[in-house]
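Summary of the model geometry
Chain by chain, the residues run as shown.
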Amino acid sequence: MEYEFLIRPDDLTLRYQTPRAPLRLAFDRAGLSWADWRAQAMTKLADLVSIDAQPAPCDVTEVRRTTHEGVEVTALVMRVSDELSLPAYLLHPSRQAPGRGQSAVIGIHGHGQVDECLGIPGVREDYHHNFALVLAQAGHTVLLPELRGFGALDDLALHRDGESLNYWRLGHHMTYTVLTDGYQNGRTLMGDTIEDLLRWEHWLADAHNVKAFDVAGISWGGDLACTYPVFSTRVRYIFASGTLGSFTAIFARCGNAPAPCIPGVLAWLDRADVAGLNAPRPIAVHYGELDVPGPDNESASYNETVPDSFHRLRAIYEAVGAGDAVSMHVTENSGHEMDNGLLLDFLRRWAD
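Residues numbered from 1 in each chain as written. Predicted model: local features only at pLDDT ≥ 70, side-chain atom pairs only at ≥ 80, totals over all residues. Heavy atoms only, no water.

**Describing the overall build of the chain**
For clarity, the threshold we go by: Helix numbering and strand numbering both begin at the N terminus, where a helix is a DSSP run of H or I of at least 4 residues and a strand a DSSP run of E of at least 2. Here the radius of gyration uses the C-alpha set of atoms, whereas the globule reference equals 2.2 Å times the residue count to the power 0.38. Between buried and exposed lies partly exposed: a residue is buried under 20% and exposed over 50% of the maximum accessible area for its type, with that area taken using a 1.4 Å probe on protein chains only. Here, two residues are considered to be in contact whenever any of their heavy atoms come within 4.5 Å of each other.
Along the chain, the regular secondary structure elements total ten helices and nine strands. Over its C-alpha trace the chain gives a radius of gyration of 21 Å, about what one expects of a compact globule, namely 20 Å for 352 residues. By residue count, 54% of the 352 residues in the chain fall in the buried class. Put simply, 68% of the contacts in the chain that link residues at least 6 apart link residues at least 24 apart.

**Points about a nonpolar patch on the surface**
For clarity, the threshold we go by: Any residue with relative accessible area above 30% and no salt bridge may belong to a patch, with like charges joined within 9 Å and the nonpolar Val, Leu, Ile, Met, Phe, Trp and Tyr side chains within 5 Å. For every accessible area listed, the method is Shrake-Rupley and the probe measures 1.4 Å; residues are considered covered only by the protein chains on display. A side-chain nitrogen of Lys or Arg and a carboxyl oxygen of Asp or Glu constitute a salt bridge if their distance falls within 4 Å.
Among the surface-exposed residues, Met-1, Tyr-3, Phe-5 and Leu-6 lie close enough to one another that they form a single nonpolar patch of about 550 Å² accessible area. Tracing the chain through its elements places Leu-6 in the segment before helix 1 (27-30). Since its relative accessible area comes to 40%, Leu-6 is described here as partly exposed.

**Re the nonpolar core**
This is how the line gets drawn: To qualify as a nonpolar core, a set must consist of buried Ala, Val, Leu, Ile, Met, Phe, Trp, Tyr and Cys residues joined through side-chain atoms within 4.5 Å.
By size, the foremost hydrophobic cluster in this structure holds 78 residues, and its most contacted members are Tyr-167 and Tyr-228. Residue contributions to this core peak at nine residues, all from helix 5 (residues 189-208). Contact partners of Tyr-167, with chain neighbours within four places excluded, come to His-111, Gly-149, Phe-150, Asp-154, Met-174, Tyr-176, Val-178, Leu-179, Leu-189, Ala-257, Pro-258 and Ala-259.

**Regarding the pairing of strand 4 (residues 103-108)**
So the rule is basically this: Being paired, for any two strands, means DSSP has found at least two bridges between them. Here, the term right-handed applies to a crossover whose path from the first strand over the helix to the second runs clockwise when the strands point away from the viewer.
Most of strand 4 sits inside the fold, with six of its six residues counted as buried. Of the two faces of strand 4, the one holding Ser-103, Val-105 and Gly-107 and the one holding Ala-104, Ile-106 and Ile-108 are both buried throughout. Examined bridge by bridge, strand 4 and strand 6 (residues 212-218) share six bridges and lie parallel to one another. Within strand 6, the position partnered with Val-105 by the bridge is Asp-214. Across two bridges, strand 4 lies against strand 5 (residues 142-145) in parallel orientation. Within strand 5, the position partnered with Val-105 by the bridge is Val-142. Between the parallel pair strand 4 and strand 5, the chain is carried across by helix 3 (residues 131-137), and the sense of this crossover is right-handed.

**What to know about the pattern of salt bridges**
Enumeration over the complete set of coordinates arrives at 17 salt bridges. Among the salt bridges present, the one from Arg-148 reaches Asp-196, with a minimum N-O distance of 2.5 Å. Here Arg-148, found in the loop between strand 5 and helix 4 (177-184), pairs with Asp-196, found in helix 5; they are 48 residues apart in sequence, far enough to count as distant. For Arg-148, a relative accessible area of 12% puts it in the buried group. Residue Asp-196 is classed as buried on the basis of its relative accessible area of 6%. A salt bridge links Asp-192 to Arg-187; its shortest N-O distance comes to 2.4 Å.

**Some words on the state of the cysteines**
Here is the rule we go by: Any two cysteine sulfur atoms within 2.5 Å of one another count as a disulfide.
Per the counting criterion, the structure on display carries zero disulfides. Cysteine Cys-117 is unpaired, with the sulfur of Cys-226 as its nearest cysteine sulfur at 17 Å. Given the relative accessible area of 0%, Cys-117 is considered buried.

**Comments concerning the side chain of Ser-301**
How we decide: N or O atoms closer than or at 3.5 Å make up a polar contact, with two conditions inside protein: a donor-capable atom paired with an acceptor-capable one, and, for residues adjacent in sequence, both atoms drawn from side chains.
Within the secondary structure, Ser-301 sits in the loop between strand 8 (283-288) and helix 9 (306-318). According to the relative accessible area criterion, Ser-301 is buried, its value standing at 7%. Within the structure, the side chain of Ser-301 is placed 2.5 Å from the side chain of Asp-291, a separation counted as a polar contact. Setting aside anything within four residues of it in sequence, one finds Ser-301 in contact with Gly-242, Thr-243, Tyr-287, Asp-291, Val-306 and His-336.

**Overview of the sheet that holds strand 9 (residues 326-331)**
The cut-off we apply is this: Between the N-to-C directions of two axes lies an angle of 0 to 180 degrees, each axis being a line fitted to C-alpha atoms and, for a helix, fitted only over the stretch in contact.
The sheet built from nine strands is open, its strands ordered 1-2-3-5-4-6-7-8-9 with mixed pairing. Looking at the sheet topology across the chains shown, the edges are occupied by strand 1 (59-68) and strand 9. The average angle at which neighbouring strand axes cross in this sheet is 20°, direction not considered. Contacting strand 8 and strand 9, helix 9 crosses the sheet at an angle of about 155° to strand 9.

**Some remarks on helix 6 (residues 220-227)**
Counting buried positions along helix 6 gives eight out of eight residues, so the element sits mostly inside the fold. Looking only at helix 6, the buried set comprises Trp-220, Gly-221, Gly-222, Asp-223, Leu-224, Ala-225, Cys-226 and Thr-227.

**Thoughts on the environment of Asp-339**
Considering the arrangement of structural elements, one finds Asp-339 in the loop between strand 9 and helix 10 (340-351). Each C-alpha atom of the pair Asp-339 and Gln-96 lies 21 Å from the other, and the pair is 243 residues apart in sequence. Other than its neighbours up to four places away in sequence, Asp-339 contacts Phe-239, His-286 and Thr-331. A distance of 2.7 Å separates polar atoms of two side chains, one belonging to Asp-339 and the other to Thr-331.

Written out as structure tokens, the structure is:
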């Protein structure tokens, strides 16, 4: 038998699409009052991402401190358990921005690592555009956690012989075992990371008397910026770049990496519903004009689902009289990248 005997793709019908789930708790389908919808949707979201909405506080140790580009930077390690500790960087400005004495920004990086947010010499500037350093230089206190699966945390089982719980390291074969092992044990990377962010928030409030938090993130960090504040009572303002388009498009259409995957989510909620749970807190969603689907773009956050997603998000905000608190911004001639000027303007506008 010759190889040509075998069935080829051209001999088949290959137009499969995963059957669409019903979005039972989408705000525009549930038929509930705002209060009832929010209570039920929050409970369902917590269940889907497998989160403890009030994770226990953890000990944090200051490892070292330096001054960089006029900003004091403190390297921190949080001990989550006997098996895991996590790093973060606290940036203190030389001069506090007006009205910022007891507030801080939680900066959330995307696929990459924290050094791409800090302006470290010799590190290639990427789509993060050193936004954490820029925020601190503008007078904001910033906490920049390194997220599970990235940078120093690219393998959470590194010190366990013969095991690996990895996610993201450029130039290496990526098997995403921190996700797959979590899924089969009823955990998600989204839920575990939200718990970490809540722990960092609690520590900063307790150790530094921070009363209010703003959140800024891009890409995976933008996904988290829309989701983690749902479970926080301290967050005031949200800036989310490169996110919000429907869950229906991000994998099959846009080719995203799997970090934002929440098993079963589309049976209940879409991204607009998740972000809408933050109402009435001001939220800005941001895109680069050129961040569209294409063969060389694995982000494609500015895809065809964005207009409807934003319309649905605004409708949720309007239901609580906060339609003016939600805004969408598109930076011309820009790809999947942070717009620092827009971020600073957003925070300045609401602080004033």
